[in-house]
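Letter by letter, the chains look like this.
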Amino acid sequence: MKKIKICHLYGNLLNTYGDVGNVMAFAHEARKKGYEVETETISIGDRFSSNAYDFVFFGGGQDYEQRIVQSDLLEKKDELEKYIENGGVFLAICGGYQLLGQYYFDAYNKKIKGLNIFDHYTQNQENASRFSGNIKIKDAINGQIYEGFENHGGVTYLSENQKPFATVIEGNGNNGSDKTEGFRYKNTIGTYLHGPLLARNEKLCQELLSIAIGNKSDN
């Protein structure tokens, strides 16, 4: 039987706002297309293999959990970067998005090193403020409208070499000022949209699944 294999990075530690729903939505769409689905949680001390998965999901958590995974995550950098460069489908939300970049600051204003695969960086808002509430965005590639929920104290800035995932219609997005939301590189998306994103936005879920299936046929 045809199989789709999903990796949930640190799914036992990073799962704020029910973001496991993204994994469930992706698996549901795959089963509708006749695929058997296998989901594996890769966590502390586990080996990540760049050629083992069709979809990787990396969610966020509280500062405590993110500090726990940070050093372990750095050990997985080479294989994760290889997966991304090979066009693997990768969705990173909130803390996962921040950790793909250079650094972010936790609630105690301690600088936490990221994977530095991408050039974006995240600073804290002044006066411990947060961006919280419903958000609506427009996909920068196809113009699709997506809805979700954002709740983050960080403000993220993309480099000149990075392309945003979307433009903010309602809400704050990356930093509340430049109207960018997330980033997209090849088949990797970083975003602040909880929701869960793929459960609320079926067309995006179907698009990512189609890419993953296409990747399998190319191999």
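All figures in this text were calculated on a predicted structure; none of them were measured in a lab. (Residues numbered from 1 in each chain as written. Predicted model: local features only at pLDDT ≥ 70, side-chain atom pairs only at ≥ 80, totals over all residues. Heavy atoms only, no water.)

Undergrad: Would you mind showing me how to read the overall build of the protein chain here?
TA: Per the secondary structure count, the protein chain includes six helices and 14 strands. Summarising its shape, the C-alpha atoms of the protein chain cover approximately 55 × 40 × 30 Å along the three principal directions. Across the 219 residues in the protein chain, those meeting the buried criterion constitute 52%. Long-range contacts, defined as pairs at least 24 residues apart, comprise 69% of the intrachain contacts of the protein chain with a sequence gap of at least 6. Carbon and sulfur atoms form 44% of the exposed surface of the protein chain, whose accessible area is close to 10,000 Å². With 24 positive and 28 negative side-chain charges, the protein chain shows a spacing of 3 Å between the two charge centroids. (Helix = DSSP H or I, 4+ residues; strand = E, 2+ residues; numbered from the N terminus. Buried < 20%, exposed > 50% of the residue type's maximum accessible area, 1.4 Å probe, protein only. Contact = heavy atoms within 4.5 Å. Areas by Shrake-Rupley, 256 points an atom, 1.4 Å probe, with all protein chains shown as cover. Lys, Arg positive; Asp, Glu negative; His and termini not counted. Charge placed at Lys NZ, Arg CZ, Asp CG, Glu CD.)

Undergrad: What's the story with the side chain of glutamine 70 in this structure? I'm lost.
TA: Relative to the elements of secondary structure, glutamine 70 occurs in helix α2 (residues 63–75). Beyond its immediate chain neighbours, meaning those up to four positions away, glutamine 70 contacts Leu99, Ile112 and Lys113.

Undergrad: Could you clarify how one ought to interpret the packing of aromatic side chains in this entry?
TA: The geometry of two aromatic rings is summed up by the distance between their centres and the angle between their planes. By the definition in use, this model includes 14 aromatic pairs. With centroids separated by 4.0 Å and ring planes inclined at 10°, the aromatic side chains of phenylalanine 26 and phenylalanine 55 adopt a geometry described as stacked. Highlighted residues: phenylalanine 26 in helix α1 (residues 20–32) and phenylalanine 55 in strand β3 (residues 55–58), separated in sequence by 29 residues. Assessed through its relative accessible area of 0%, phenylalanine 55 is described here as buried. Ring plane angle 35° and centroid distance 5.7 Å describe the contact between tyrosine 121 and tyrosine 157, whose orientation is recorded as tilted. Here the residue tyrosine 121 occupies a position in strand β7 (residues 121–124), and tyrosine 157 occupies one in strand β10 (residues 154–157), the gap between them amounting to 36 residues. Judged by its relative accessible area of 28%, tyrosine 157 falls in the partly exposed class. An aromatic cluster is built from Tyr97, Phe118, Phe183, Tyr185 and Tyr192, whose rings are joined through pairwise contacts. (Phe/Tyr/Trp six-rings, centres within 6.5 Å; stacked < 30°, edge-to-face > 60°.)

Undergrad: How should the nonpolar core be read in this particular structure?
TA: One finds Leu9, Phe26, Phe48, Phe58, Phe90 and Leu198 to be the most contacted residues of the largest nonpolar core, which totals 57 residues. In contact with phenylalanine 90, other than residues within four places in its own chain, are Leu9, Val56, Phe58, Leu80, Tyr83, Ile84, Leu100, Asn187, Thr188 and Ile189. (Core = buried A, V, L, I, M, F, W, Y, C linked by side-chain atoms within 4.5 Å.)

Undergrad: Where do I start with the environment of glycine 61 in this structure?
TA: If you trace the backbone, glycine 61 turns up in the loop between β3 and α2. As for glycine 61 and lysine 203, which are separated by 142 residues in sequence, their C-alpha atoms are 26 Å apart. Not counting residues up to four positions away in its chain, the partners in contact with glycine 61 are Leu14, Thr16 and Gln66.

Undergrad: Sorry if this is basic, but what is going on with helix α3 (residues 77–85) here?
TA: Structural remark: α-helix, 3.6 residues per turn; residues separated by three or four positions point the same way. Among all positions of α3, only Leu80, Tyr83 and Ile84 are buried. Projection of α3 onto a plane perpendicular to its axis shows the buried side chains occupying an angular sector of 100°, all on one side. Phi turns positive one or two residues past the end of α3, at glycine 87, with a value near 85°. (Arc of directions from axis to C-beta.)

Undergrad: Sorry, what's going on with the pattern of salt bridges here?
TA: Pairing between side chains of opposite charge can happen when their charged atoms approach one another. Scanning the model with the defined rule gives 15 salt bridges in all. Put simply, glutamate 207 and arginine 184 hold a salt bridge, and the shortest N to O gap is 2.8 Å. Here glutamate 207, found in helix α6 (residues 202–218), pairs with arginine 184, found in strand β13 (residues 183–185); they are 23 residues apart in sequence, far enough to count as distant. Residue classification places arginine 184 among the buried positions, given a relative accessible area of 12%. (Salt bridge = Lys/Arg side-chain N within 4 Å of Asp/Glu carboxyl O.)

Undergrad: When you look at the sheet that holds β13 in this model, what are you seeing that I'm missing?
TA: Think of a sheet as strands paired side by side through backbone hydrogen bonds, with each pair either parallel or antiparallel. Overall, mixed pairing links the six strands, which are arranged β2-β1-β3-β4-β14-β13 in an open sheet. Only two strands of the sheet have a single neighbouring strand rather than two, namely β2 (36–42) and β13. When strand polarity is set aside, the average angle formed by the axes of neighbouring strands in this sheet is 15°. In the sheet, β13 pairs with strand β14 (residues 188–191) via three bridges, with the strands oriented antiparallel. (Pairing = 2+ DSSP bridges. Axes fitted to C-alpha atoms, helices over the stretch in contact; angles between N-to-C directions.)

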